[in-house]
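Below are the chains, spelled out letter by letter.
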Amino acid sequence: MSTTDTTDPTSPAGAADAVLDVRGLQKTYTGQGRSVEAIRDLTFSVPRGQLVCIVGPSGAGKTTLLRCIAGLLDTTAGEIVLDGETVTEPPRGMAVVFQEYGRSLFPWMTVRQNVERPLIERKVAAAERRRIVSEALEAVGLADSGDAHPWQLSGGMQQRVAIARAVAYEPKVLIMDEPFAAVDAQTRADLEDLVRALWQRLGVTVLFVTHDIDESVYLGERILVLSNRPTVILEDVVVDLPGDRDQLGTRSTPRFAELRAHVYELIQQAKQGHRPQDEPGPVS
Ligand SMILES: Nc1ncnc2c1ncn2[C@@H]1O[C@H](COP(=O)(O)OP(=O)(O)OP(=O)(O)O)[C@@H](O)[C@H]1O
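Rules behind the numbers
Residues numbered from 1 in each chain as written. Predicted model: local features only at pLDDT ≥ 70, side-chain atom pairs only at ≥ 80, totals over all residues. Pairing = 2+ DSSP bridges. Helix = DSSP H or I, 4+ residues; strand = E, 2+ residues; numbered from the N terminus. Axes fitted to C-alpha atoms, helices over the stretch in contact; angles between N-to-C directions. Parallel < 35°, antiparallel > 145°, perpendicular 65-115°, else oblique. Left-handed = near helix turned anticlockwise from the far one by under 90°. Contact = placed C-beta atoms within 7 Å. Nonpolar A, V, L, I, M, F, W, Y, C, P; charged D, E, K, R; others polar. Expected span 1.5 Å × (residues − 1). Buried ≥ 20, exposed ≤ 12 C-beta atoms within 10 Å, placed from the backbone.

Naming follows an unreviewed UniProt entry, where the protein chain appears as NitT/TauT family transport system ATP-binding protein of Phycicoccus duodecadis.

Okay, structure coming up:
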């Protein structure tokens, strides 16, 4: 298959099996006498259980997009729909893992207490909480670290705690914003495999923003490549690699190299200001 055959014709906006619909999203930051048009027009839909990576040049609006989807930021126009409900505030069905694991965990709480906290807020009964937390820690390989405090753990382990907390929440959509940018290469590879394993086991829908093109190809079933700001989708790339992936084997296949080269080329084009030909103008 050539790299030009990668646009997915099967993911129209508003697909019936979509867990998440982003429709005509626009976001312009205003204040202090100036405005920044971050997102011009984004429309895409994510089928339940898909692992989607989002890449684009620095400042393209990736974090802005995730914050809008997570209900943490008001949109200027357009709509985000999670399982049929318009998102107007952080919805129960979403969990977010950020890059700064150090700041997202409470240092005075143990690992177990950190993972348990959202479940307490959700008023899950104590016995059920214990079961869910144990399973989540087991799933991320931290079954023996429940009584430790975050500051006693390595960066990679702390990020595992953040992932366990997100998974324990049993989200419909797991949002990850450059979660592995601050860990070393070996830990990063392990965490990538952890995300793929959890995704396959739990069937959760994942939106994963990364700067790393190789990571997006290795992890994703699909990659949304964003243009330069003001952001539109430059290309919706299908990652047609086998579901079972491993760091050495998958990354050395010709198809992996082909997809990586294609996404790399798109990012270069985005940086040079290339836009899709049929880009709709901003709605006035
Ligand atoms: N609170 C804000 N007020 C004004 N402008 C903002 C604000 N937050 C972000 N921006 C601008 O919106 C644009 C998109 O920012 P955003 O952080 O979403 O991009 P990004 O793709 O996540 O960047 P990076 O890849 O560097 O992390 C940038 O031009 C940024 O300066």
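Asker: Can you walk me through the pairing of strand 1 (residues 18-31) in this structure?
Answerer: Every other side chain in a regular strand lies on the same face of the sheet, so the side chains alternate between the two faces. Of the strand pairs in this sheet, strand 1 and strand 2 (residues 34-47) are connected by ten bridges, and their pairing is antiparallel. Across the sheet, residue Gly-31 finds its bridge partner in strand 2, namely Arg-34. Counting the residues that bridge the hairpin from strand 1 to strand 2 gives two residues, and of these Gln-32 lies at a positive phi of roughly 50 degrees.

Asker: I tried to follow the packing of helix 3 (residues 111-121) against helix 4 (residues 126-139) on my own but got confused; where do I start?
Answerer: Between two packed helices, the angle of one axis relative to the other and the distance separating the axes together describe the packing. As a packed pair, helix 3 and helix 4 sit with axes 10 Å apart at the nearest point and diverge in direction by 130 degrees. Considered as vectors, helix 3 and helix 4 are oriented oblique to each other. Remark: the crossing between helix 3 and helix 4 carries right-handed chirality. Each of Arg-112, Val-115, Glu-116, Leu-119 and Ile-120 in helix 3 lies in contact with helix 4, whose residues at this interface are Arg-129, Ile-132, Val-133, Ala-136 and Leu-137. Across the contact of helix 3 with helix 4, the residue classes break down as seven nonpolar, no polar and three charged.

Asker: Is there a simple way to explain the sheet that holds strand 8 (residues 205-209) in this structure?
Answerer: By definition, the strands of a sheet pair up through backbone hydrogen bonds, in either a parallel or an antiparallel sense. Reading across the sheet, the six strands line up as 6-7-8-3-9-10 and stay open at both edges, with mixed pairing between neighbours. The open sheet terminates on both sides in strands that have one partner only, identified here as strand 6 (94-97) and strand 10 (233-238). Sheet twist, expressed as the mean angle between neighbouring strand axes with direction ignored, is 15 degrees.

Asker: Any chance you could explain helix 5 (residues 155-168) here in plain terms?
Answerer: Given 3.6 residues per helical turn, the α-helix brings residues three or four places apart onto the same face. Relative to the 20 Å expected for 14 residues at 1.5 Å per residue, helix 5 spans 20 Å between its end C-alpha atoms, a close match to the ideal helical length. Among the 14 residues of helix 5, eleven are classified as buried, and the element is accordingly described as predominantly covered. Turning to helix 5, its buried residues are Gln-158, Gln-159, Arg-160, Val-161, Ala-162, Ile-163, Ala-164, Arg-165, Ala-166, Val-167 and Ala-168.

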